[in-house]
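Residues per chain, in single letters:
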Amino acid sequence: MNAKGLESVVFRNPLRRSQYSYSELTLRGDKEMPRRSSMLPIRTGQETNVLWQSEASTILAALDGLGLELNATEKGHRKESDLMQTTISCVFAIMWEGLNSWESRSDVFAVLRQLTVTHEFVESPDEVTRRLLELLLKACLVELKRDGRFDDYNTRVAVEVLRLVQDFITSDDAARITDSLLEAAIEVLDAMMVFDDVPTVDTELSEVSTLGLTILSCVLSHSQLSICSLASARLHSLLHSRRLRGKLEASYLLYSLNDSLKASITDQREHYAFLLPVMKALTEKSYQLLQMDVQVPNNPCMGLSASLPEEFEAYCQGSEWSTFIEKQVKPLQDEFVKKNLVQAKATMEATMTQKYKTIHMQFHRRNRAMGEDKLRFENKIMEPWRERLRQEKGRYQNMLTSQRARAARAKHLWLALKRYQTRERGAWFNGTHEPTHWRLTAEENFQRMRCKLVENIMFDDHHVASFLRDHHDMPSSELSSLISLKLKEALVGQVNEDTVAEEEVAQGPASPTAAALEQRERSLLSTNECQFIHLGEVIVGTFELTNTHLYFTADQLLIAQQRTGASIELHNQWWEEGEFDFKVPLEELREVHLRRFNLRRSALEFFLIDQTNFFLNFNKNLRNIIYQKLQGLHPSNMIYHGARSPMQLYNDAKLQERWVLREISNFDYLMLLNTIAGRTYNDLSQYPVFPWILADYTSPTLDLTNPDAFRDLARPIGIIKPKHEQEVRMRYDTFEDPSGIIAKFHYGTHYSNAAGVIHFMIRLEPFTTQHIQLQSGKFDFADRQFHSVGAAWLSVLDSPNDVKELIPEFFYMPEFLENSCGFDFGRLQMDGSAVNDVVLPAWAETAEDFVHLHRQALESDNVSEFLHNWIDLIFGYKQQGPAAVEALNVFMHYSYEGAVDVDAISDPVERRAVEGIINNFGQTPCQLLKEPHPKRLGKEEAEARWNQTGKLLSALNYLKNLKAYSVELVDEPLVFVSVPRNQTRSILAQVLNETMLTVTATGTLAQNPWLPQHKSTPQYFTFEKDPSLINPRNRKRLPGPFHPETEVRPEIFAVTPSGRAIFVGGVWNNAIAVYSTSRNRMQAQFVQHTDVVSCIVIDHNGLNLVSGSRDCTCIIWRVNEDQYQLTVRWVLYGHEAEVSSVAISTELDMVVSGSKDGTCNIHTVRKGQYVRTIYPPGGDQVVVKSLRLSSGRHLVVYTVDDASSDSKSRYALHLYSINGKHICTEKVDREINDMLIRDSFLITGNSAGVLSIRELFRLKTLRDLPLQVKIRSVALARQATHILVGLENGWLIVIGVTKSLTTSGFSKK
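Since the model is a prediction, treat every value here as computed from it, not as a measurement.

A. Inspection of the overall build of the protein chain at higher detail. For the protein chain, the helix and strand inventory stands at 33 helices and 42 strands. The buried share of the protein chain, reckoned over its 1309 residues, is 54%. Summarising the internal contacts of the protein chain: among those between residues at least 6 apart in sequence, 61% fall at separations of at least 24. Put simply, the protein chain shows about 58000 Å² of open surface, and 51% of that area lies on carbon and sulfur atoms.

B. Examining the packing of aromatic side chains more closely. One pass over the structure, following the stated rule, counts 42 aromatic pairs. Centre to centre, the rings of Phe779 and Phe825 are 5.4 Å apart; their planes meet at 75°, and the pair counts as edge-to-face. Of this pair, Phe779 sits in the loop between helix H26 (767–774) and helix H27 (789–798) while Phe825 sits in the loop between H27 and helix H28 (847–858), and the two are 46 residues apart along the sequence. Here Phe779 and Phe825 have matching classes, each one buried. An aromatic cluster is present here, built from Trp692, Tyr697, Phe760, Phe786, Trp793, Phe810, Phe816, Trp843 and Phe850 joined pairwise through their rings.

C. Main features of the side chain of His787. With respect to the helices and strands, His787 occurs in the loop between H26 and H27. Classification of His787 by relative accessible area gives buried; the value is 18%. With residues up to four places along the chain from it excluded, the contact list for His787 reads Arg763, Ala782, Leu828, Val835, Asp837, Val838 and Val839.

D. Broad picture of the side chain of Arg1049. Of note, Arg1049 is situated in the loop between strand S19 (1036–1037) and strand S20 (1053–1055). Setting aside residues no more than four positions away along its own chain, Arg1049 makes contact with Val975, Ser1094, Ser1140 and Lys1185.

E. Geometry of the pairing of strand S40 (residues 1271–1276). The element S40 is extensively covered by neighbouring structure, given that 6 of its 6 residues are classed as buried. Linking two consecutive strands that pair antiparallel, namely S40 and strand S41 (residues 1283–1287), is a turn of 6 residues; a positive phi of about 60° is found at Gln1279 within it.

F. Structural view of the pattern of salt bridges. Using the criterion set out here, one finds 54 salt bridges in the structure. The partner of Lys939 in a salt bridge is Asp861, with the nearest N and O atoms 3.3 Å apart. Of the two residues, Lys939 is situated in helix H32 (residues 939–949) and Asp861 in helix H29 (residues 861–874); the sequence distance between them amounts to 78 residues. Of the residues examined, Asp861 reaches a relative accessible area of 40% and is grouped as partly exposed. Glu972 serves as the salt-bridge partner of Arg1035, at 3.6 Å between the closest nitrogen and oxygen. Of this pair, Arg1035 sits in the loop between strand S18 (1022–1023) and S19 while Glu972 sits in the loop between strand S14 (962–968) and strand S15 (974–978); the two residues are 63 residues apart in sequence, bridging distant segments of the chain.

G. Main features of unusual backbone geometry. With an omega dihedral of 10°, the bond running from Glu765 to Pro766 counts as a cis peptide bond. If you trace the backbone, Pro766 turns up in the loop between helix H25 (754–760) and H26. Following Gly1040, the chain continues to Pro1041 via a peptide bond in cis, the omega torsion being 0°. As for its placement among the helices and strands, Pro1041 is situated in the loop between S19 and S20. In this structure, Gln611 takes a positive phi of about 75° despite not being glycine. Mapping Gln611 onto the fold places it in the loop between strand S12 (600–608) and strand S13 (613–617).

H. Structural detail: the pairing of strand S32 (residues 1182–1189). Counting buried residues in S32 gives 7 out of 8 residues, a clear majority hidden from the surface. With antiparallel pairing between neighbouring strands as the criterion, S32 and strand S33 (residues 1194–1201) make up a hairpin whose turn holds 4 residues.

Here is what the cut-offs are and how they apply
Residues numbered from 1 in each chain as written. Predicted model: local features only at pLDDT ≥ 70, side-chain atom pairs only at ≥ 80, totals over all residues. Heavy atoms only, no water. Helix = DSSP H or I, 4+ residues; strand = E, 2+ residues; numbered from the N terminus. Buried < 20%, exposed > 50% of the residue type's maximum accessible area, 1.4 Å probe, protein only. Contact = heavy atoms within 4.5 Å. Areas by Shrake-Rupley, 256 points an atom, 1.4 Å probe, with all protein chains shown as cover. Phe/Tyr/Trp six-rings, centres within 6.5 Å; stacked < 30°, edge-to-face > 60°. Pairing = 2+ DSSP bridges. Salt bridge = Lys/Arg side-chain N within 4 Å of Asp/Glu carboxyl O.

Keep in mind these values describe shape, not function.
In structure tokens form, the structure reads like this:
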């Protein structure tokens, strides 16, 4: 047997007390036997029972092969003693039968001693050793009985066993000796006849004889009486049957017996009776040998006295006996021990020590081999298995997530399909209008206003969040039950109230596949380390840049993991597959700005020519590489080429000069400052910031000429009240951070952060949901919510800790002030009133009134005069440094760029914590100015500067100084006039004339050169009549002829921004004809409608064209101006009569169509999805004749009531928001033939020849210009310097500002 195998069989490792262990038992005979592994438990118990039941047959077979029987107290159950006996039997059998050399057998005992240091034994190690010795002794007897004698091999084995027994017995712990061990030893000694009193020269037997005497003499003093009696009897017998071998042996026996007798007298009286006869016999045997007659003449043992026990007890304690023992016996005893025992013991110890070392090295080699094997096993088996397990678990979880996502999406698609068919304009609409709820989208107009709402297909009224707010003090157990009930109610109610738009049914263009990515244009860079940032949400995906396109593909599985589960059940959110994916041609890029994300310079914001923008975050180095590669590609429409800082961009754009000269409004200037400084709608921590401008929220009317009605823009928001100045200054002066990390600051909060934005926008999704997530699943208390504009101002006014500035929505979006979704925001503690719509100032009746007046206040003279001071605080030289300290304008250092290097933080937990602080606290905009911002010029100063430079003025800003000039153009009605916005001009032309396109009722086209800024003429323009108009034969004709029933009006013509192509509708074959102005011929015709095209319109960028037809449909076309091609994108349905007018705003992703059925339908441009229907007031007989969509957020609809014969009530103008809310209606007394919207003005021309300029809000007339002849068309020159009017008699009227200005004619700018 390999002795190391005992480690795992008999013993328990303390580090693995609850484990099973394996034993490898090697049977060796004439040849090497194969190894057999079996599992043996170390203790009994439940696991033991299971093991025995499962592997009983294996264990019994192994024991049977060793010739052993396994005794069981009960089937299936074993005690530790049974297990120990079985194990020891197994080890003994292998030792005796399987090992040939005694050295191998003795290794077992060396292992036992070694293991006592490192292991805990189930039973005492001495007990294990004793029982093995007993088995060895019995085996020797078996061999003797079988052979009748000992051969040399058996003798050597017996001698070695007796040596071990002698070493075991003569140790310090005599308690280890048992009757069975002593009896077995005596039987072996007797069988070997080592005590026979015959002369022998066998030194080995003589040694064994000495060992036997040593064993007997050692156990005489054993505490157990049976052992003492057994040794005494055997020794007494030997003394009678065997002669002593000299003085040394006699002295050794006498000295040992004397010690035992004295011990028995003192502690073990019952032993004395057994020892005294031995003493008497030994005395008689050695009387002459040791000269006792001379040394101890009075020894009572030599007599036959009846009182011998008492006499010897007294005698042995006397001086004679003691002197004899010490002087005569002990020296001889020591000599005997030295001669026979010390050397043997030293040899045994040396042997065992050597074995210990050998075994220790074997253990070391084995452990090292086991470690290496374990490491190889870990590397080759376990680690791949664990990795595969992780992959499989991940795959399984992904599969479950994907299944849940697909199931949820399938459910919503079915609901969407049902809703699509049963809703308004659906095939199965039953006339019942279900409640519709809305959410804010990311579409922006050209002024960067996000004002469009779309249907919230996954609307949640968040009543659970309201319930949690109202029951925050309820015990958790009761609250949990109520929440479960509420959730159950929510799940039941949400199916019925769910309103699903067509966008859930219609599928947009598929995302590019991997195969397509490999086969299309050349890829320049691809990375999956990209994050799409959208309103605080981080979408991970893959970004690719090619030589022609930008691609981003979101990780849909990761989105599903983020939004499935609790977010679907509790927050009821979903996403449309591919919602965050985009593919952008490089020629559609307008701007690319370097951006920060969490104060890292690692992001890019992409602006497209259709006002779409994307905010992508990379790592810092990759961001710079992408930007450089983009610049190297030189996209055709991209401006701001070169990697310039925000400050450089600001200076190069000349924005400051334009604002100072009043060329741009305050709102536009602030929005441009925010954009250049890195403020973006996509990141809530960098949301655009606007100032509080008013201080009067209580007066019944708002007086914009009263300086007291305005806030002091020179002071930071935290010290609007002078009394707070001392407190803020003291906070800065007394603050000291012991760690030296946090710098001094005036304010512990920031004027713009995510929480502040959500605070103001709480009534609109998705900000409502974000507020609930920010508040741990519930609404905040009503008193802390934005419930009143005046209360919000008082909070800022009364507390230096509330430093929130405003957001842009205060100046253009009334919807954020209205609780149109009916959320339960709770009740105020002061008066118990419910928080619903925001309480407006006294001077505003409606949310539209508030936004309109607030915007007028922003553009007022009082704000214009002092706005530069606020710009210095937020974007300018007072933002940082000594000037900021002096102005009391220092915020927490976490908000400033460069204050914290997040990438330098190695601890990911700490890094995430710092990012969380930055994200929640807010970020200070990039500094744009190092010097004080100049003040804006007054009106008179600006007018004087314009007169000096000869700059033309906008006709809409000087309504009282307008003058009309007439040009006799043709002799037929002039139905269309247009000055293309982006005309291409020849570099050979000496004068950079523009071209004015005019079209008559018969389709005659004229390209008239004109120059609107010619300073030498009194009217400030020059006009040259197209030479082709002189001779009727040379006139250019548009494709035709027009259908006989077609009303030739401006709605059937559209011109591209460059003026290279004119699109013509109303022709007889139901086509849209494309006419080239450069080639003077028709280039193509496109027939898709089944009836005559009644109206067309092209978007601002010339990318999309919309046509309406008598077939009651509209079509969205993709325009390819270079190829004069139109491609159908979507066909729009929903009208029941001829489509009379269409309008498009690609930047707001909306198409509006008006019909003679009296309705206006709104669809999306990008996916052709139905949004809503507008019903102008007036009844079923109302016909929509024309509509116009402003570049801001308004829609004007002109209607005619066919049932009315009164001209004063028949015609009407209706103003709507782009979100379908009716604002006002204005009756007009004459038919309007054409109209247009520019900024905040509406210009109309009627059949009576009156040109009216109206205020867009409320539609009130600002000025009428009677032209005496029926007006057929109205247009504006570039920059609105002139109003161009086409008359029924073929004349062109050009209206501009006279040279003699009066300040009273200045409108708003």
